[in-house]
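Okay, here's what each chain looks like letter by letter:
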Amino acid sequence: MFTKSLDTAHRMHKGTKPFQLLSFFIVLVFVPTIHPANAAAQIVGDLQVSIPFQFYAGNAKLPAGKYVVRVLDNSDLKVMEISSADRSTAALFEVQDVEANSAPRKSELIFNKYGNRYFLTEIFDEGNPDGSRVPESQYKKRVGQAAEEAQTHVPAYHQGTHSN
């Protein structure tokens, strides 16, 4: 009798395996839609910006001027490029997701100012609270310890939405 019970249990187990695999597959497919991961940075397209001061983007020091900011293709939304309008100067920098308390009314780049040094800190697209934050470089950490912090917001525009 004990052998018969084992045989029956073995057949039941074999019959349920396809069902278990199907259930597991359904869970893998539908759970992410029920419980989505945190939204990724939502900078859509190129942002044009005129920055009136010298600044740092990540580890790069850039002069004042007109720039284009974009998410680097194939970077999983984790690397951005800032390049001068004439493409003579460019820098890549890493970004992390950040969420504003409320959706900004205008696209903008936010700089932290320490003494007379400006560091690109956050980037937001108009109407979207999900943006990008630039992690602190070692240099920014050192400068930040020695100087008082202020913040400067610089408006940015999508191509064709702002007249000069």
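Residues numbered from 1 in each chain as written. Predicted model: local features only at pLDDT ≥ 70, side-chain atom pairs only at ≥ 80, totals over all residues. Heavy atoms only, no water.

## Things to note about unusual backbone geometry
Of note, Arg 87 is a non-glycine position whose phi angle comes to about 65 degrees, a positive value. Position of Arg 87 among the secondary structure elements: in the loop between strand S5 (79–84) and strand S6 (90–94). (Helix = DSSP H or I, 4+ residues; strand = E, 2+ residues; numbered from the N terminus.)

## Some details on empty space enclosed by the protein
Going through the model one piece at a time under the given rule, you end up with one cavity of 30 Å³ or more. In this structure, the largest cavity spans a volume of roughly 40 Å³. Lining the largest cavity are Tyr 56, Ala 57, Gly 58, Phe 119, Leu 120, Val 134, Pro 135, Glu 136, Ser 137 and Lys 140. When residues of the lining of the largest cavity are traced back to their parent elements, those giving at least two are strand S2 (55–57) and strand S9 (117–124). The residue makeup of the lining of the largest cavity, split by class, is six nonpolar, two polar and two charged. (1 Å grid on protein atoms, 1.4 Å probe; cavity = no way out; pocket = protein on both sides within 12 Å on 5 of 7 lines; lining within 4 Å. Points joined across faces, edges and corners; volume = space filled by probe spheres on them. Nonpolar A, V, L, I, M, F, W, Y, C, P; charged D, E, K, R; others polar.)

## Considerations on the environment of Leu 120
Here Leu 120 is to be found in strand S9. Sequence separation between Leu 120 and Ile 110 is ten residues, and the spatial gap between their C-alpha atoms is 6.1 Å. Among residues more than four places away in sequence, those in contact with Leu 120 are Tyr 56, Ala 57, Phe 93, Leu 109, Ile 110, Phe 111 and Val 134. (Contact = heavy atoms within 4.5 Å.)

## Thoughts on the pairing of S5
Where burial is concerned, most of S5 is hidden: five out of the six residues are buried. Note: strand S4 (residues 65–71) against S5, five bridges, orientation antiparallel. In the sheet register, Tyr 67 faces S5, and the bridge partner there is Ser 84. Once S5 ends, the chain turns through five residues before running back antiparallel as S6, passing Arg 87 with a positive phi of about 65 degrees. (Buried < 20%, exposed > 50% of the residue type's maximum accessible area, 1.4 Å probe, protein only. Pairing = 2+ DSSP bridges.)

## Quick look at the confidence of the model for the protein
With 72% of its residues at a pLDDT of 70 or more, the protein shows a mean pLDDT of 79. This stretch, residues 27–41, has a pLDDT under 50; its non-local contacts, to residues over four places away or in other chains, come to ten contacts. (pLDDT = per-residue confidence, 0-100.)

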